[in-house]
Amino acid sequence: MKKRVLFLCTHNSARSQMAEGLLRNMAGEQFDVFSAGTERTRVQPLAIEAMRFDDPTTVTGTEEQKLHAFRTVRDAIQQRLRMFLIIANKK
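A brief structural summary. Since the structure is predicted, the reported quantities are computational estimates derived from the model, not experimental observations.

**A short note on the overall build of the protein chain**
Move 1: When helices and strands are tallied, the protein chain shows 3 helices and 2 strands.
Move 2: Dimensions of the protein chain along its principal axes, counting C-alpha atoms only, are 45 × 25 × 15 Å.
Move 3: A total of 91 residues make up the protein chain; the buried ones form 33% of that total.
Move 4: For the protein chain, contacts bridging at least 24 residues in sequence account for 68% of all contacts bridging at least 6.
Move 5: Put simply, the protein chain shows about 6,500 Å² of open surface, and 52% of that area lies on carbon and sulfur atoms.
Move 6: Of the charged side chains in the protein chain, 15 are positive and 10 negative; the average position of the first set lies 8 Å away from that of the second.

**Things to note about helix α3 (residues 62-90)**
Residues separated by three or four positions in an α-helix point in the same direction, a consequence of the helix having 3.6 residues per turn.
Move 1: Along its 29 residues, α3 runs 43 Å from first to last C-alpha, staying within 8% of the 42 Å computed at 1.5 Å per residue.
Move 2: Buried within α3 we find Leu-67, Phe-70, Arg-71, Arg-74, Ile-77, Gln-78, Leu-81, Leu-85 and Ala-88.
Move 3: Contact partners of the buried residues in α3: β1 (3-9), α1 (15-27), β2 (31-37) and α2 (45-51).

**Description of the environment of Arg-4**
Move 1: With respect to the helices and strands, Arg-4 occurs in strand β1.
Move 2: Look at Arg-4 and you get exposed, because its relative accessible area is 66%.
Move 3: Note: C-alpha distance between Arg-4 and Gln-30 (26 residues apart in sequence) is 9.2 Å.
Move 4: In this structure Arg-4 touches Asp-32 and Phe-34, once residues within four positions along its chain are discounted.

**Here's the deal with a nonpolar patch on the surface**
Move 1: On the surface, Leu-6, Leu-8 and Phe-34 cluster together to form a nonpolar patch covering roughly 320 Å² of accessible area.
Move 2: Structurally, Leu-6 can be placed in strand β1.

**A short note on the environment of Ser-13**
Move 1: Tracing the chain through its elements places Ser-13 in the loop between β1 and α1.
Move 2: Taking C-alpha positions, Ser-13 is 9.5 Å from Ile-48, a pair spaced 35 residues apart along the chain.

**Quick word on the packing of aromatic side chains**
For any pair of aromatic rings, the description rests on two quantities: the centre-to-centre distance and the angle between the ring planes.
Move 1: For the structure shown, the criterion picks out 1 aromatic pair.
Move 2: Here Phe-31 and Phe-84 contribute two aromatic rings whose centre-to-centre distance is 5.4 Å and whose plane-to-plane angle is 45°, an arrangement assigned as tilted. One end of the pair, Phe-31, is in strand β2; the other, Phe-84, is in helix α3, with 53 residues separating them in the sequence.

About the thresholds
Residues numbered from 1 in each chain as written. Predicted model: local features only at pLDDT ≥ 70, side-chain atom pairs only at ≥ 80, totals over all residues. Heavy atoms only, no water. Helix = DSSP H or I, 4+ residues; strand = E, 2+ residues; numbered from the N terminus. Buried < 20%, exposed > 50% of the residue type's maximum accessible area, 1.4 Å probe, protein only. Contact = heavy atoms within 4.5 Å. Areas by Shrake-Rupley, 256 points an atom, 1.4 Å probe, with all protein chains shown as cover. Lys, Arg positive; Asp, Glu negative; His and termini not counted. Charge placed at Lys NZ, Arg CZ, Asp CG, Glu CD. Expected span 1.5 Å × (residues − 1). Patch = residues over 30% accessible without salt bridge, like charges linked within 9 Å, V, L, I, M, F, W, Y side chains within 5 Å. Salt bridge = Lys/Arg side-chain N within 4 Å of Asp/Glu carboxyl O. Phe/Tyr/Trp six-rings, centres within 6.5 Å; stacked < 30°, edge-to-face > 60°.

Written out as structure tokens, the structure is:
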């Protein structure tokens, strides 16, 4: 039976969605992965854009700064998930 992983955040619109997608990609079929939030909302378009890894050519100024922030969060989550996988695979 696969272990289940739930990423929970307030809105389920950015960080938890990124974490879910990254772990699914990094771990393949090793886990059942889900994300949820305490408030109903939609996924932030910048979170989706950050997950594509290509720099958008049409984004400038303030929007770029926001996207950079989303990418920074994505990278931090990915680094933590790598550590999670190392620990999980040792058990």
